[in-house]
Amino acid sequence: MFVVTGATGRTGRVVVEELLRAGCTVRAIGRNRAGLASLEAIGAQAFTAEPTDRAALAEAFDGAEGIYVMVQPNYIPDSPNFLAHQRAIVDAMTAALATAGVWRVVTLSSWGADKPAGTGPVAGLHYLEQRINTLDAVVTHLRAGYFMENLLGQIENIRTGVVAAPFDPDIAMPFINTADVGRAAAHSLLTQTAASDLRELHGERDLSMVEVTEVVGRLADLPGLRYEQQSIGEFAAAQRRAGVSPNVTGLMVEVAHAINSRHTATLQPRSARTTTPTSIEAFVAEMLVPQLHTELAAGRRWEPGAANA
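Let us look at the structure shown here.

Cut-offs and rules
- Residues numbered from 1 in each chain as written.
- Predicted model: local features only at pLDDT ≥ 70, side-chain atom pairs only at ≥ 80, totals over all residues.
- Heavy atoms only, no water.
- Helix = DSSP H or I, 4+ residues; strand = E, 2+ residues; numbered from the N terminus.
- Expected span 1.5 Å × (residues − 1).
- Contact = heavy atoms within 4.5 Å.
- Pairing = 2+ DSSP bridges.
- Axes fitted to C-alpha atoms, helices over the stretch in contact; angles between N-to-C directions.

## With respect to unusual backbone geometry
Alright, step 1. Residues other than glycine seldom take positive phi values, yet Asp221 does so here, at roughly 60 degrees.
Alright, step 2. The topology assignment puts Asp221 in the loop between α8 (209-219) and β12 (226-229).
Alright, step 3. For Arg262, which is not glycine, the phi dihedral falls at a positive 65 degrees.

What follows is the structure in structure tokens.
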């Protein structure tokens, strides 16, 4: 039996599906039964537990031959101390894994997790790696690149003719599709190995925000779409206006500084092992453009030059 934490998330759901497809018994952990219903319908065992409940997690992990461990990578906007929240989950997970005596663990980590600080919430994944490494288990840490799904948060900006972010326009980032991460995690769980390892996942190719914007504009038939780099001050002010807490805003600013300064960077060379198949073109065509068209149909249709009006 395999256990998948965060089973209702983008990567966790794919891990469950892939393991079931391989004929495995899978226990899917989530916060509530309703969210797990669709996975239960395809054959997974549903198990509800809070990610900080050590006793419940130990019960869920009992008897597992392998476990996919993930800590919420997305921000809780109003969190007063998001890193403390991450650490509480990591400590509970680690204690439960030790109690259950699990021998095979695959974690969702991130590029930049080699650094203990200065990387925003990725510092919480550095802590995850360090704590999981204390277990008597064979561990694979998957350090994923920059999720393509982050671009879905740009749809409102795209409606006004821009892609706006605080990243330097020409800095190349390892854009990766979350489904590819889930498939890599499932494959790691199913692969017999006697040694712990660390594997970076770079996506199909590195891309700058200018290059990504060109792909979006071309595939969405928005030829005037342009990339606009926000200053750090503008970016932080926009987050605060949206109700994001000072703590989380500070972490988001750290992410931008870390990427722009290359404090956050991939360490392993791009290779067949680190490269995943989904291209930015495939993601934009299959995921972003349909959502964008839904938004455009529901509101004002974008016209070239509208952003400068």
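What follows picks up the thread again.
## Overview of helix α4 (residues 82-100)
Alright, step 1. Compared with the 27 Å implied by 1.5 Å per residue over 19 residues, the 27 Å span of α4 between its first and last C-alpha is a close match.
Alright, step 2. In this structure, the buried residues of α4 make contact with α3 (54-61), β4 (66-69), β5 (104-110), α5 (122-132) and α10 (246-260).
Alright, step 3. Gly101 sits one or two residues past α4 and shows a positive phi near 70 degrees.

## Examining the sheet that holds strand β2 (residues 26-30)
Alright, step 1. On the basis of which strands lie adjacent, the open sheet formed by 7 strands has the order β3-β2-β1-β4-β5-β6-β10 and parallel pairing. One side of each edge strand has no neighbouring strand; the edge strands of this open sheet are β3 (45-48) and β10 (197-201). Recorded for the sheet is a direction-independent mean angle of 20 degrees between the axes of neighbouring strands.
Alright, step 2. Contacting β4, β5, β6 (138-144) and β10, α5 crosses the sheet at an angle of about 160 degrees to β5.

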